[in-house]
Amino acid sequence: MRSAAPALTEGSVAVPVRRSPNRSQPPRMADQKRLAYSIIQFLHDQLQNGGLSPDAQESLEVAIQCLETAFGVSLEDQGLAVSRTLPEIFEAAAGKEPEHIRANSEPVTPSEDDIAEAERLKTEGNEQMKAENFEAAVSFYGKAIELNPSNAVYFCNRAAAYSKLGNYAGAVRDCERAIGIDPNYSKAYGRMGLALSSLNKHTEAVVYYKKALELDPDNDTYKSNLKIAEQKMKETPSPTGGPGGFDLAGLLNNPGFMSMASNLMNNPQVQQLMSGMISGGHNPMGAAGTSPSTNDLASLIQAGQQFAQQMQQQNPELIEQLRSQIRSRTPSASNEDQQE
């Protein structure tokens, strides 16, 4: 047994040794691994039973992989398991909280003055939206939310302002809050669909547009946006396609188009023009060995125009198909711009 450390002395007066207070030390590595294992187990259970969206599932899978790599553990390390799951530990800890702490965490009902002021701020936010001052609108809606966070309209209106600023992730979050407050709020589902479409999450957008239509069956904007989202969901860019999923491969397999293209390329004038422009060694309308002149380009453009006219006359259906592929198609905000 070790002897007690002697006290220091100053002259004849004994001075007791001052010890630093007993501060909590970080958990040992073994405990850290057990904690990491419990978290991984919880996240894995959420993947199996949480009813999450595909994007949320992918995020959880990444989180699990990161934890496994950082702490060197996996679900196979069952020796790290504790007697209770993480939700059970949390439930037990929450039950032991003092009553006043739990009471303070419950939402506070706003006063009549707060409700009135929140409505005034919301109205000011609507005015800023009309003036296209979207950042100011976000600020006013945010202040209204601080005073009355149980009003779904404030979150939905701020979502619209976020979308105008290109902050679609923020719009999604606010729509989720609005739907959580009022599950029958059709406009929140419609704006969620718009935000998801802007994030190219067309499959999820379809789900929200359908719910919006279920709540508001006569809304033409929801019908139109649902149709566009369903079309976008089906479209898959061709390996030889251009921007926007232009189906070049399908076009090249179209007999009518290929027949007319063949006739164009067999035109002696076009062949002569193309040969001169590519090689620079023969220029039918300029000096030999020089670059193509403006006349060459004009002649080629004229030949292209003749080709387009021929296509229009012989196969108008093909022309309409091309126009449909090239035409930009984006969901419409329409009546979604109207703030409440």
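Overview of the structure. (Residues numbered from 1 in each chain as written. Predicted model: local features only at pLDDT ≥ 70, side-chain atom pairs only at ≥ 80, totals over all residues. Heavy atoms only, no water.)

**Regarding the overall build of the protein**
Along its length, the protein carries 16 helices and two strands. Counting the 340 residues in the protein, one finds 28% classified as buried. The contacts in the protein between residues at least 6 apart in sequence include a share of 55% that link residues at least 24 apart. For the protein, the exposed area adds up to about 22100 Å²; of that, 52% sits on carbon and sulfur atoms. (Helix = DSSP H or I, 4+ residues; strand = E, 2+ residues; numbered from the N terminus. Buried < 20%, exposed > 50% of the residue type's maximum accessible area, 1.4 Å probe, protein only. Contact = heavy atoms within 4.5 Å. Areas by Shrake-Rupley, 256 points an atom, 1.4 Å probe, with all protein chains shown as cover.)

**Examining the pattern of salt bridges**
Within this structure, the stated rule accounts for five salt bridges. For Lys130, the salt bridge identified is with Glu127, shortest N-O distance 3.6 Å. Of the two residues, Lys130 and Glu127 are both situated in helix α5 (residues 112-130); the distance of three residues between them amounts to about one turn of the helix. Judged by relative accessible area, Lys130 falls into the exposed class, the value being 66%. Where Arg158 meets Asp174, a salt bridge forms, and the shortest distance between an N and an O atom there is 2.6 Å. Here the residue Arg158 occupies a position in helix α7 (residues 152-164), and Asp174 occupies one in helix α8 (residues 168-181), the gap between them amounting to 16 residues. The exposure class of Asp174 is buried, given its relative accessible area of 4%. (Salt bridge = Lys/Arg side-chain N within 4 Å of Asp/Glu carboxyl O.)

**Comments concerning the nonpolar core**
Met129, Ala161, Ala178, Tyr185, Ala188 and Tyr209 are the most contacted members of the largest nonpolar core, which has 39 residues in total. Within the residue set of this core, elements represented by two or more residues are α5, α6 (134-147), α7, α8, α9 (186-198), α10 (202-215) and α11 (220-234). Ranked by residues supplied to this core, first place goes to α7 with nine residues. Discounting chain neighbours no more than four positions away, the residues touching Tyr185 are Ala152, Val153, Cys156, Ala178, Leu215 and Glu340. Tyr37, Ile40, Leu43 and Leu60 belong to the second largest nonpolar core, which has nine residues in total. (Core = buried A, V, L, I, M, F, W, Y, C linked by side-chain atoms within 4.5 Å.)

**Some details on α11**
Compared with the 21 Å implied by 1.5 Å per residue over 15 residues, the 21 Å span of α11 between its first and last C-alpha is a close match. Taken together, the buried residues of α11 touch α9 and α10. Among the residues of α11, the N-terminal cap falls to Asn219, whose side-chain oxygen and the backbone nitrogen of Thr221 are separated by 3.0 Å. (Expected span 1.5 Å × (residues − 1). Polar contact = N/O pair within 3.5 Å; in protein donor to acceptor, adjacent residues only side chain to side chain.)

**Considerations on the packing of α9 against α11**
Across the interface, α9 lies against α11 with an axial gap of 11 Å and an inter-helix angle of 30 degrees. As the angle between them shows, α9 and α11 are arranged roughly parallel. The crossing of α9 and α11 is left-handed. Side by side, α9 and α11 meet where Ser186, Lys187, Gly190, Leu194 and Ser197 of the first sit next to Tyr222, Asn225 and Ala229 of the second. Broken down by class, the residue content of the contact of α9 with α11 amounts to three nonpolar, four polar and one charged. (Axes fitted to C-alpha atoms, helices over the stretch in contact; angles between N-to-C directions. Parallel < 35°, antiparallel > 145°, perpendicular 65-115°, else oblique. Left-handed = near helix turned anticlockwise from the far one by under 90°. Nonpolar A, V, L, I, M, F, W, Y, C, P; charged D, E, K, R; others polar.)

**Focus on the side chain of Arg158**
According to the relative accessible area criterion, Arg158 is buried, its value standing at 16%. When neighbours within four sequence positions are excluded, Arg158 is seen to be in contact with Val138, Tyr141, Gly142, Ile145 and Asp174.

**Points about the environment of Ala178**
Mapped onto the secondary structure, Ala178 falls in helix α8. The class of Ala178 is buried, set by a relative accessible area of 0%.

**Re α8**
Between its first and last C-alpha, α8 extends 20 Å over 14 residues, near the 20 Å set by a 1.5 Å rise per residue. At its buried positions, α8 is contacted by α7, α9 and α10.

**Digging into the packing of α6 against α7**
Direction vectors running N to C along α6 and α7 enclose 160 degrees, while the axes themselves pass 9 Å from each other. With respect to each other, α6 and α7 are oriented roughly antiparallel. As α6 packs across α7, the resulting crossing turns out to be left-handed. On α7, the residues that touch Phe134, Ala137, Val138, Tyr141, Gly142, Ala144 and Ile145 of α6 are Tyr154, Phe155, Asn157, Arg158, Ala161, Tyr162 and Lys164. Residue composition of the contact of α6 with α7, grouped by class: ten nonpolar, two polar and two charged.

**Comments concerning unusual backbone geometry**
We note that Glu132 has phi near 65 degrees; this positive angle belongs to a residue other than glycine. Structurally, the position occupied by Glu132 is in the loop between α5 and α6. Using a relative accessible area of 57% as the deciding quantity, one classes Glu132 as exposed. With a phi close to 65 degrees, Asn200 is a non-glycine residue in the positive phi region. Mapped onto the fold, Asn200 is located in the loop between α9 and α10.

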